[in-house]
Amino acid sequence: MHRREPGTMPNNDPKHNHIYTAFFCEENIWQLGSALATKPGLLDDAKTLVFCNKSDAIALFNQSLAEPGGYVVWDYHVVLRARIDGQDKIFDFDSRAPFPCPAHSYFVLTFRHQQSLPAAYRTLVREIPLDAYLQRFSSDRSHMQQHISRDQFPNYPPIIAPPEQLPIWLPDYRNPDKPLDDGSRVLDVATYM
């Protein structure tokens with residue numbers, strides 16, 4: 001067994017070592033953040049990134065469900081950004097990019113054609129401090145109830161923050177016009193490129 005120094009993580013950490021449920025990126029990232037937060041110093045300044053826009057239609061390239069060279073249009077998507085060994089990395093369970101991927105490479109691979117897309121598909125990013133996301137994220141999973149079968153839902157209870165943590169619900173994170181009191185901010189995805 002190899003000893004890991006605080007603040008380090010192998011770049012080849014396979015996705016299958018983490019809790020994952022298709023169509024629940026927001027919960028996958030919550031679970032990943034919770035697991036990685038136990039490693040001292042690893043997630044200093046880590047952020048949850050919620051990709052969204054007013055149209056609920058964002059185009060992402062290099063996603064597993066896209067044809068090679070093509071894109072998918074999702075209503076939102078959630079990833080984790082963390083600084084590991086002095087490098088910004090992105091963890092995206094649904095991407096063909098490495099896991100984790102250097103942040104600049106990830107944004108070029110995933111959002112390279114933003115300016116050529118119709119405005120309705122251009123992406124904004126809600127950047128949330130990971131600790132706030134872990135404490136306050138809440139979802140009753142209602143957004144998926146008419147879209148997939150019950151056996152495709154996560155096999156653990158919904159993630160709902162206790163009332164004293166002032167829960168923030170998934171629709172609020174996805175709404176780029178909604179001001180939140182969790183230290184988050186909304187930026188154009190071009191800010192990251």
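Above this note sits the structure.
The following paragraphs examine the structure supplied in this document. (Residues numbered from 1 in each chain as written. Predicted model: local features only at pLDDT ≥ 70, side-chain atom pairs only at ≥ 80, totals over all residues. Heavy atoms only, no water.)

1. Some points on the overall build of the chain
Logical step 1: Looking only at helices and strands, the chain has 4 helices and 10 strands in total.
Logical step 2: Counting helices and strands in the order they occur from the N terminus, the chain gives α-β-β-β-β-β-β-α-β-α-β-β-α-β.
Logical step 3: In summary, the chain has a C-alpha radius of gyration of 16 Å against a globular reference of 16 Å for 193 residues, a match within 12%.
Logical step 4: Each principal axis of the C-alpha atoms in the chain carries an extent, and together these give about 50 × 40 × 35 Å.
Logical step 5: Here the chain, with 193 residues, has 50% of them falling under the buried criterion.
Logical step 6: If you take every contact in the chain between residues at least 6 apart in sequence, the share linking residues at least 24 apart comes to 70%.
Logical step 7: Only carbon and sulfur atoms are counted for the fraction: they give 53% of the accessible area of the chain, which is about 9,800 Å². (Helix = DSSP H or I, 4+ residues; strand = E, 2+ residues; numbered from the N terminus. Rg over C-alpha atoms; globule rule 2.2 N^0.38 Å. Buried < 20%, exposed > 50% of the residue type's maximum accessible area, 1.4 Å probe, protein only. Contact = heavy atoms within 4.5 Å. Areas by Shrake-Rupley, 256 points an atom, 1.4 Å probe, with all protein chains shown as cover.)

2. Examining helix α1 (residues 25-36)
Logical step 1: With 12 residues, α1 ought to run about 16 Å at 1.5 Å a step, and its terminal C-alpha atoms sit 16 Å apart, in line with that.
Logical step 2: Of all the 12 residues making up α1, 10 are buried; the element is thus mostly covered by neighbouring parts of the structure.
Logical step 3: Among all positions of α1, only C25, E26, E27, N28, I29, W30, Q31, L32, G33 and L36 are buried.
Logical step 4: On the buried face of α1, the contacting elements are β1 (47-52), β4 (77-84), β5 (87-91), α3 (130-136), β8 (137-138) and α4 (170-174). (Expected span 1.5 Å × (residues − 1).)

3. Some remarks on the side chain of T21
Logical step 1: For T21, the location among the structural elements is in the segment before α1.
Logical step 2: Using a relative accessible area of 12% as the deciding quantity, one classes T21 as buried.
Logical step 3: Discounting residues that sit within four places of it in the chain, T21 has contacts with N28, Q152, F153 and P154.

4. So, the sheet that holds strand β10 (residues 185-188)
Backbone hydrogen bonds hold the strands of a sheet together, and the pairing may be parallel or antiparallel.
Logical step 1: Pairing in this open sheet of 6 strands is antiparallel, and the strands run β6-β5-β4-β1-β7-β10 from one edge to the other. Single-partner strands in this sheet number two, and they are β6 (101-102) and β10.
Logical step 2: As paired elements, β1 and β4 share 5 bridges and run antiparallel to each other. Within β4, the position partnered with K47 by the bridge is R81.
Logical step 3: Strand contacts of α1: β1, β4 and β5, with the helix running at about 25 degrees to β4, the strand carrying the most contacts. (Pairing = 2+ DSSP bridges. Axes fitted to C-alpha atoms, helices over the stretch in contact; angles between N-to-C directions.)

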